[in-house]
Amino acid sequence: MKVFSSIQEFKTNTRTVVTLGTFDGVHLGHRSILEKVMASSKKMQAESLLLTFFPHPRMVLQQDSDIKLLNTIDEKIILLREFGIENLIIHPFDQSFSRLTAEEFVKNILVDQFNICKIIIGYDHRFGRNRTATIDDLIRFGKEYGFEVEQISAQEIDDVSISSTKIRNALAEGNVALANSYLGYHYFFTGTVVKGNQLGRTINFPTANFKIEEDYKLIPQNGVYIVSSVIDGQFVPGMMNIGVRPTVDGVALTVEVNYLDFDGDLYGQKLSVSIYEKIRDEQKFPSLDDLKKQLALDKQTAKNYFLERENKSL
């Protein structure tokens, strides 16, 4: 998959089958759309092209928007590669782009820049300045400029939007297992391991403290979770705490992972953490000794979880 950081970067003499949207989460609801693009591009002997935007349009057009996204740009690229999409354009969304008229978008971008032969788009998609153009306008432009328009059904679009909302709500409630069922994969984040206060070492539960650079990334509800990472090519299970560490009167939000049966220096490494399900809420314990006892129970819960998964796969 070729990745382009703007529309202007993309050049081709080959016809393209295009779809566009935020594709946040690249979840099961998106799968049928991407499969349609791949099937059409193969049938028409064209290249597949997905146009998406960053920042998210709501971040630009709604200044008070506090939207959190399921994927960072790098995570979205990783997920889209698996579908075989040949060209991904991540165009910077700004006010000037939002002011393009519908005909300017179609003629200057779809026709002249993308060499489009077909677009696959939602029945309710609106585009152009003030989002005034509809699918009917797009069909009219298609006839004028010689490209096909395939509408994605109301049911499929509803599946996409409902899934995105349900995933965000599930993560906000700590129901990662439900979110994963809509995603079709384990929700994950990527961060750099940084030095913390090393309290975990004093109670024999050393943790990797993660710094997540992208403040727009949706982090699940505070609590203790079953997780894993791939470290130096090896699958390493673990348990994670998201929260403020109330037992030691913490105030800042931290994301810490205790990797099970792992001993190594991870400082400075960039790792992805896959989240399976929540064990419990974060809570304040009367003493560090009580916290240590609970962490031992949490560790056993995590070990049992992975043992059951292993047995099911046999």
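Here the structure is a predicted model, which means the values were calculated and not measured.

Comments concerning the overall build of the protein
Here's step 1: Of regular secondary structure, the protein possesses 10 helices and 12 strands.
Here's step 2: Overall, the C-alpha framework of the protein stretches about 75 × 45 × 35 Å when taken along its three principal axes.
Here's step 3: Sorting the 314 residues of the protein into buried and exposed places 47% on the buried side.
Here's step 4: When the accessible surface of the protein is summed, it comes to about 15,800 Å², and 48% of that surface belongs to carbon and sulfur atoms.

A few points about the side chain of Ser41
Here's step 1: As for its position among the elements, Ser41 is in helix 1 (residues 28–43).
Here's step 2: Looking at Ser41, its side chain comes within polar contact range of the main-chain oxygen of Met38, at 2.9 Å.
Here's step 3: Discounting chain neighbours no more than four positions away, the residues touching Ser41 are Val17, Ala46, Glu47 and Ser48.

With respect to unusual backbone geometry
Here's step 1: Backbone torsion omega between Phe54 and Pro55 reads 5°, so that peptide bond is classified as cis.
Here's step 2: Within the element layout of this structure, Pro55 appears in the loop between strand 3 (47–54) and helix 2 (57–61).
Here's step 3: For Gln45, which is not glycine, the phi torsion reads 50° and is therefore positive.
Here's step 4: Topologically, Gln45 is positioned in the loop between helix 1 and strand 3.
Here's step 5: With a relative accessible area of 72%, Gln45 lands in the exposed category.
Here's step 6: We note that Asp232 has phi near 50°; this positive angle belongs to a residue other than glycine.
Here's step 7: The residue Asp232 is located in the loop between strand 9 (223–231) and strand 10 (234–243) in this model.
Here's step 8: Relative accessible area serves as the criterion here: at 67%, Asp232 is assigned to the exposed category.

Description of the sheet that holds strand 12 (residues 270–280)
In any sheet, the strands associate via hydrogen bonds between backbone groups, in a parallel or an antiparallel arrangement.
Here's step 1: Ordered in space as 7-8-11-10-9-12, the 6 strands form a closed barrel in which the pairing is antiparallel. Neighbour-to-neighbour, the strand axes of the sheet open up by a mean angle of 45°, direction not taken into account.
Here's step 2: For strand 9 and strand 12, the ladder comprises 5 bridges, and the chain directions are antiparallel. Paired with Ile226 across the two strands is Glu277, which belongs to strand 12.
Here's step 3: Set on the sheet, helix 8 (residues 176–183) makes contact with strand 9 and strand 12; between it and strand 12 the angle comes to about 125°.

A closer look at the pattern of salt bridges
Here's step 1: Within the structure shown, the criterion is met by 9 salt bridges.
Here's step 2: For Lys118, the salt bridge goes to Glu150, with nearest N and O atoms at 2.7 Å. One end of the pair, Lys118, is in strand 5 (residues 116–122); the other, Glu150, is in strand 6 (residues 148–152), with 32 residues separating them in the sequence.
Here's step 3: For Lys118, a relative accessible area of 9% translates into the label buried.

Quick word on the sheet that holds strand 2 (residues 16–20)
Here's step 1: Reading across the sheet, the 6 strands line up as 1-4-3-2-5-6 and stay open at both edges, with parallel pairing between neighbours. Single-partner strands in this sheet number two, and they are strand 1 (2–4) and strand 6. Strand-to-strand, the axes of this sheet are offset by a mean angle of 20°, without reference to chain direction.
Here's step 2: In terms of strand pairing, strand 2 meets strand 5 through 3 bridges, oriented parallel.

Cut-offs used in this document
- Residues numbered from 1 in each chain as written.
- Predicted model: local features only at pLDDT ≥ 70, side-chain atom pairs only at ≥ 80, totals over all residues.
- Heavy atoms only, no water.
- Helix = DSSP H or I, 4+ residues; strand = E, 2+ residues; numbered from the N terminus.
- Buried < 20%, exposed > 50% of the residue type's maximum accessible area, 1.4 Å probe, protein only.
- Areas by Shrake-Rupley, 256 points an atom, 1.4 Å probe, with all protein chains shown as cover.
- Polar contact = N/O pair within 3.5 Å; in protein donor to acceptor, adjacent residues only side chain to side chain.
- Contact = heavy atoms within 4.5 Å.
- Pairing = 2+ DSSP bridges.
- Axes fitted to C-alpha atoms, helices over the stretch in contact; angles between N-to-C directions.
- Salt bridge = Lys/Arg side-chain N within 4 Å of Asp/Glu carboxyl O.

Shape descriptors only; they carry no functional weight alone.
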